[in-house]
Every structure is written in C-alpha cells, then in structure tokens.
Amino acid sequence: MSAFSRFTPLASALPSTVPFVGPEAIERQRGLPVKARIGANENGFGPAPSVLAAMRDQAGEIWKYNDPENYELREALANHLGVGIESIAIGGGIDELLGQIVRLVIEPGAPVVTSLGGYPTFNFHVAGFGGRLVTVPYASDREDLDGLLAAVKRENAPLVYFANPDNPMGSWWDADSIVAFARALPETTMLILDEAYSETGPAGSLPPISALIDLPNVVRTRTFSKAYGLAGARVGYVISTSGTARAFDKIRNHFGMNRLATVAALAALKDQAYLAEVVASIHGARDRIAAIAKANNLVPLVSATNFVAIDAGRDGTYARAIVDGLMQHGVFIRMPGVAPLNRCIRVSVGPEADMALLEDALPQVLKTLG
C-alpha cells in the first residue's frame, strides 16, 4: 500500500517500529491468552481503593477539559517534594516527557549519550528527532557512570540519559555517586535522571531534591505508573529549576492530560499509607521471584525496581526460548534486547496468583529446553 509522498526526509527514513511489543499484540499474533501479566514492569497490585473511588466520583466531569496549567497537581507535587510549583512540569507519563526533552535539546545530527541496552523508548525519541545515539556498555550489570561522563565530554553531547534505579537490569547507584556525576557534567549538557522506580529503591539510592534542584541542566523524571499502580493513566512529571521546567510550556500539548488521570494522581499522592503497603508488597514479590529463580538453578540479580532480572546462564537465544516457552503457558515476561544483558529474562512483580503460575510453568519450560 502506498504512503503519502511528502513526509519529511527524516520521517521517511525512520523504521516503523514499536519500542515494546505489548502482551495484547502477542495474544493477537499467537492466539494465546495472557494469564500472568508480569512482563511490562507494571504494578500488578494496582492503585489504592481511594484512587478508584476518586475516579468514580469524578467520572461525570469527564466532559470537561483538564486544567491546561495542571495547577492542582503541580501544587500537590511541589508541596510533597518541598520545591516551588514552578519547578514541576507535568506530562502523559515519562515517555511523553522524554520526547519533549529531546525536542527541546536535540537538533538533527546532535550526539546523545545513553547506555547500550538502556530504555528503548528514549532511543525511539532520539531517532524521531534526528539525534545520533552514542552508547556506553553496562559494567557489572549497571550503567557505567564514568563511561557516560567520558562519552559526553568526548562527543560534546548536549544530552545524556541515565536511569536510577535502572531498567532493564534493576541495578542502582548510591545518591552520592549520582550527585557527583551530575555536577561533573558540562553545564551545556542536560542530564535526564530517570527516576521511574524511585519509590522502590533502597535507602540511599535517591538523591535529596535539594542536592540537584539548583542545576538547570538536570531534569529528574518521575511517574505514577510504577509504585502508584497507574500505568494506564499516563501521568509523569519533571523536577528541575523553574526556568528549565517552564520550557516545557513552549512545546507541550496543553490539553494533553486526561482529567480522570489527574484526579487519580492527586488521590494517589494523598494516600501515602497505601503507597507504603504496596511498596512492601513489591519487595515481597521481588523476593518471591528470586526464590523461584533459585529453585530452578537460575541467578536472580538484586533489584531496586518492581521487576527482577534473572540470569538464565547462557545467551540471548536461550533466554528468548524461555520467554517464548513461558508464553505458551500464558505467562508473559520480557528480556533485555542487547547482548550481554539479553542473557537475562525479566519478571515484573505481581500478586500471588501470578507468582504461582510462574512457579508452575518455569520448571516445565526449562525441562523442555534441556
């Protein structure tokens, strides 16, 4: 089928791709129902009952546009974090915000530094705006801060991406190391510090807000998708200096936020007691996944996220066979896409029923593979 003839040269040259193939697509392609959805780094424990109640209560207001200034949510986050409201920008999940950051900073051909095997959606946005990816391999299954800094200086890169805790390996750096890295960067290099898993990391892995809030070249991205259980609502936010945060107003879709998603985020932020409960459940599920891995002679990596990377002990072909084999049992998981990280499979947390399905299916799959 033919396509429109006057797409831009950049758009015409890009591949048609989806950074992550969803479980829905796998169900359609293979005709296999997903029984345990533990592959997309979602929070299977779900949002707080108070959040669902707030959404039901406000559902009749959906005929209204959301406040284009996102004032109430920005104010609530500012109070929660101890910053000024002008230091917060709101977007439809971190993925949308990453695209906006790339648009603000990157011109065609500009170098962008990230980790080889790091978050694919960021790479997708870099390609979409014509940037040139410069990748640094992981070191000991975590992002290489020294390598990233060296690449930034070598390339004179205007943008560097670093996730802490990390996706896809679940590893992390301590707060002091992150602050030192951020302050060692040139002032002309923007750091995206992706903190999607900030609530699930260990004490000492998250720099205080005050440690970086004075740096206009640092944007910290956070989300309600993970610990708060609102992945489908698509609510993310940026923390930076007021000048940098306000730059998003130049390019964002001012009516892009869903009104009920905003209601959900406000209610979730108020219910910190539930957040504490669900974080404890996430930690328990991580332990359960690790125990299942060990029982099958696989090696779980220590995780600071809502998933566990499991070393399958061979190569990417073998890890892919495990992923495909588990899907035959209705267990949806994923794996990193780049060697040598792709020796691992990756299992997201979920309720006991999902863990039981994994525990039952995994030894059957491994036995079949031999």
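Structure first, text after, so check above.
Residues numbered from 1 in each chain as written. Predicted model: local features only at pLDDT ≥ 70, side-chain atom pairs only at ≥ 80, totals over all residues. Heavy atoms only, no water.

1. Let's talk about the sheet that holds strand β6 (residues 190–194)
With respect to topology, seven strands assemble into an open sheet ordered β2-β8-β7-β6-β5-β3-β4, the strand pairing being mixed. Edge strands, defined here as strands with exactly one partner in the open sheet, are β2 (88–91) and β4 (132–136). Strand-to-strand twist in this sheet, taken as the mean axis angle between neighbours without regard to direction, amounts to 20°. Both strand β5 (residues 159–163) and β6 contribute to a ladder of five bridges, which runs parallel. The partner of Leu-159 across the bridge, within β6, is Met-190. (Pairing = 2+ DSSP bridges. Helix = DSSP H or I, 4+ residues; strand = E, 2+ residues; numbered from the N terminus. Axes fitted to C-alpha atoms, helices over the stretch in contact; angles between N-to-C directions.)

2. Regarding a negative patch on the surface
A contiguous patch of negative charge on the surface is contributed by Asp-67, Glu-69, Glu-72 and Glu-75. Its location among the elements puts Glu-72 in helix α4 (residues 71–81). Accessibility expressed as a relative area gives 51% for Glu-72, which makes it exposed. (Patch = residues over 30% accessible without salt bridge, like charges linked within 9 Å, V, L, I, M, F, W, Y side chains within 5 Å. Areas by Shrake-Rupley, 256 points an atom, 1.4 Å probe, with all protein chains shown as cover. Salt bridge = Lys/Arg side-chain N within 4 Å of Asp/Glu carboxyl O. Lys, Arg positive; Asp, Glu negative; His and termini not counted. Charge placed at Lys NZ, Arg CZ, Asp CG, Glu CD. Buried < 20%, exposed > 50% of the residue type's maximum accessible area, 1.4 Å probe, protein only.)

3. With respect to the packing of helix α12 (residues 272–295) against helix α14 (residues 352–369)
α14 packs onto α12 with a crossing angle of 10° between their chain directions and a minimal axis gap of 10 Å. The pairing of α12 with α14 is recorded here as roughly parallel in orientation. Along the contact surface, α12 presents Ala-285, Arg-288, Ile-289 and Ile-292, while α14 presents Glu-352, Met-355, Ala-356, Leu-358, Glu-359 and Leu-362. Within the contact of α12 with α14, the residues separate by chemical class into seven nonpolar, no polar and three charged. (Parallel < 35°, antiparallel > 145°, perpendicular 65-115°, else oblique. Contact = heavy atoms within 4.5 Å. Nonpolar A, V, L, I, M, F, W, Y, C, P; charged D, E, K, R; others polar.)

4. Concerning α12
Across its 24 residues, α12 extends 35 Å between first and last C-alpha, which sits within 8% of the 34 Å expected from 1.5 Å per residue. Among the residues of α12, those classed as buried are Tyr-274, Leu-275, Val-278, Val-279, Ile-282, Ala-285, Arg-286, Ile-289, Ala-290, Ile-292 and Ala-293. Summarising the contacts, the buried residues of α12 are in contact with α3 (49–58), β9 (299–300), β10 (307–311), β12 (344–348) and α14. (Expected span 1.5 Å × (residues − 1).)

5. Overview of the side chain of Glu-143
Within the secondary structure layout, Glu-143 lies in the loop between β4 and α7 (145–155). Despite its burial, Glu-143 pairs with no opposite charge, the nearest such side chain being Arg-142 at 9.9 Å. Here the side chain of Glu-143 touches Ala-163 through a polar contact of 3.0 Å, landing on its backbone nitrogen. If sequence neighbours within four positions are ignored, Glu-143 has contacts with Ser-115, Tyr-138, Leu-148, Tyr-161, Phe-162, Ala-163, Asp-166 and Trp-173. (Polar contact = N/O pair within 3.5 Å; in protein donor to acceptor, adjacent residues only side chain to side chain.)

6. Let's talk about empty space enclosed by the protein
Applying the stated criterion across every chain yields a total of three cavities of 30 Å³ or more. In this structure, the largest cavity spans a volume of roughly 50 Å³. Every residue along the wall of the largest cavity is listed here: Ile-209, Leu-212, Ile-213, Leu-215, Val-218, Arg-220, Ile-239, Ser-240 and Thr-241. If you list the elements that add at least two residues to the lining of the largest cavity, you get α9 (209–212) and β7 (218–223). Each residue belonging to the lining of the largest cavity can be placed in one class, and the counts come to six nonpolar, two polar and one charged. (1 Å grid on protein atoms, 1.4 Å probe; cavity = no way out; pocket = protein on both sides within 12 Å on 5 of 7 lines; lining within 4 Å. Points joined across faces, edges and corners; volume = space filled by probe spheres on them.)

7. Structural notes on the nonpolar core
Counting 33 residues, the largest nonpolar core has Leu-73, Leu-77, Ile-88, Phe-224, Val-235 and Tyr-237 as its most contacted members. Here this core gets eight residues from one element, more than from any other, and that element is helix α11 (residues 259–270). If near-sequence neighbours (up to four positions away) are discounted, Phe-224 is found in contact with Leu-73, Leu-77, Gly-229, Leu-230, Ala-231, Val-235, Tyr-237, Ala-265, Ala-268 and Leu-269. Counting residues in each nonpolar core, the second largest holds 28 residues, with Ala-293, Met-335, Val-349 and Leu-358 among its members. (Core = buried A, V, L, I, M, F, W, Y, C linked by side-chain atoms within 4.5 Å.)

8. What about the pairing of β10?
Within β10, five of the five residues are buried, leaving the element largely enclosed by the surrounding structure. Because side chains alternate across β10, one face comprises the buried residues Phe-307, Ala-309 and Asp-311, and the other comprises Val-308 and Ile-310, equally buried. Two elements, β9 and β10, share two bridges in a ladder whose sense is antiparallel. Looking across to β10, one finds that Pro-300 is bridged to Ile-310. Once β9 ends, the chain turns through six residues before running back antiparallel as β10. Pairing analysis gives five bridges linking β10 to β12, with the strands arranged antiparallel. Considered in β12, the bridge of Ile-310 is made with Ile-345.

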